[in-house]
Amino acid sequence: MKKSSITLWLLLTNLLIAFLGIGLVIPVMPTLMNELHLSGKIVGYLVAFFAVAQLVASPLSGRWVDSIGRKKMIVIGLVMFSASELLFAVGQSLSVLFASRIVGGVSAAFIMPAVTAFIADITTNETRAKALGYMSAAISTGFILGPGIGGFLATLGTRVPFFFAAGLALFAAIFSLIMLREPERQYEETMNTQKPGFKRIFAPIYFIAFVLIFVLSFGLASFESIFSLFVDHKFAFTPADIAIVITGSGIVGAIAQVVLFDRLAKRMGEKKLIYLCLVLSAVLVGMMTIVSSYFAVLAVTIVVFVGFDLIRPAATSYLSKIAGNEQGFVGGMNSMFTSIGNMIGPIVGGILFDIDLDYPFYFATIVLIGGAVLAFVWMRRPDATKDPIHQPL
């Protein structure tokens, strides 16, 4: 048990370093845009290429996590992430910048399924929810600390945060190579010879959970991508105001993942927790169109992010319990459906924002309500973890 705890903290440290590296570069992107004379359209394409690369690579990486091994995929992913940040640091042409984003997207597709499967291997059904809550908190903390550190490093030079992120990721890769040991699988290969493939997505035990992951990612991406524009146009928020709201929401969300998630998951189960959080998120995203004061916006945003931050580990925890010897496949599909939502959400949100400021939030509310209805039906069905093929020995 002690060995598993040490391994878990090593994994969490890796995730913190990786997502700290991602957050580091956020403050310098506007300056870099001006230096390289990039349009907002080009920056949007750079973001999209990252998501597309992650989407394409995720199904393959899920298989490789199960066949090649968790540790190797984590190390390879971190090395690729280091290379992507280094490319962005030295890149002076669009082709190099796009290549950087593609490599970065593939690295994300390698790291997340491998870490999720690793955690599933070293935990039990009783301890997994807490561990996945810690995993989500490590990711959130990296995003929270990254921009602050990146802003400080940017005073030394626009490209310094990218070089620092590359160094951090390389350190994490070496750290993982030396300190991590490939975990023992908790599940034996079953008599089920069907290899995970595209059709496996539609298996009854998986499909609804995957759809809900898409709904979550779509709702969160559309909310986050438009939020700063929305509060700037509607409430005249300053960059400092926006930073306070986003940072405060991130901190509260990370605390909720550590303090509340395990207790709530054990008390009501992942399905019911997902359903209630979707209902709460739908109501509060809709409320963004009617609140008017600064503190009302702050309160609503914080609770929205808490709801979103509890859904993701709940879905991941549920999937890890039913996946059996398909942990890598499930992690890859989780990453793929997240990428699809991350791509479509900002595009739809941007189009609707140009029509009316409130429309993106109306549409996100409708999508979340649809997800809540689906989750309610799903919650009433027999638990898929009773599938004998996926029972632990």
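About the thresholds
Residues numbered from 1 in each chain as written. Predicted model: local features only at pLDDT ≥ 70, side-chain atom pairs only at ≥ 80, totals over all residues. Heavy atoms only, no water. Helix = DSSP H or I, 4+ residues; strand = E, 2+ residues; numbered from the N terminus. Buried < 20%, exposed > 50% of the residue type's maximum accessible area, 1.4 Å probe, protein only. Areas by Shrake-Rupley, 256 points an atom, 1.4 Å probe, with all protein chains shown as cover. Expected span 1.5 Å × (residues − 1). Arc of directions from axis to C-beta. 1 Å grid on protein atoms, 1.4 Å probe; cavity = no way out; pocket = protein on both sides within 12 Å on 5 of 7 lines; lining within 4 Å. Points joined across faces, edges and corners; volume = space filled by probe spheres on them. Nonpolar A, V, L, I, M, F, W, Y, C, P; charged D, E, K, R; others polar. Core = buried A, V, L, I, M, F, W, Y, C linked by side-chain atoms within 4.5 Å.

(A) Local environment of the overall build of the chain. Across its full length, the chain holds 13 helices and zero strands. Put simply, the chain runs from its N terminus to its C terminus through helices and strands in the order α-α-α-α-α-α-α-α-α-α-α-α-α. Evaluated residue by residue, the chain yields a buried proportion of 54% over its 393 residues. Total accessible area on the chain stands at roughly 17300 Å², and carbon and sulfur atoms take up 71% of it.

(B) Local environment of helix H7 (residues 160-179). Over its 20 residues, H7 extends 28 Å from the first C-alpha to the last, a length consistent with the 28 Å expected when each residue adds 1.5 Å. Those residues of H7 that fall on the buried side of the exposure criterion are Pro161, Phe162, Ala165, Ala166, Leu168, Ala169, Ala172, Ala173 and Ser176. The buried residues of H7 all sit within an arc of 160° when viewed along its axis, so they share a single face. Away from its buried face by more than 90 degrees, H7 exposes Leu177 and Ile178.

(C) Just empty space enclosed by the protein, in detail. All chains considered together, the criterion is met by one cavity of 30 Å³ or more. When its volume is computed, the largest cavity comes out at roughly 30 Å³. Counting residues per element, the ones that place at least two in the lining of the largest cavity are helix H1 (2-24), helix H4 (70-90) and helix H5 (94-122). It is H1 that provides the largest number of residues to the lining of the largest cavity, a total of four residues. A per-class count over the lining of the largest cavity returns seven nonpolar, one polar and no charged.

(D) Focus on the nonpolar core. Ranked by internal contacts, the top residues of the largest apolar core, which has 67 residues, are Tyr206 and Leu278. Those elements giving two or more residues to this core turn out to be helix H3 (40-67), helix H8 (204-235), helix H9 (239-259), helix H10 (261-287), helix H11 (294-322), helix H12 (327-355) and helix H13 (359-380). With 17 residues, the top contributor of residues to this core is H8. Within the second largest apolar cluster, 38 residues are counted, among which are Leu11, Ala53, Phe118 and Ala172.

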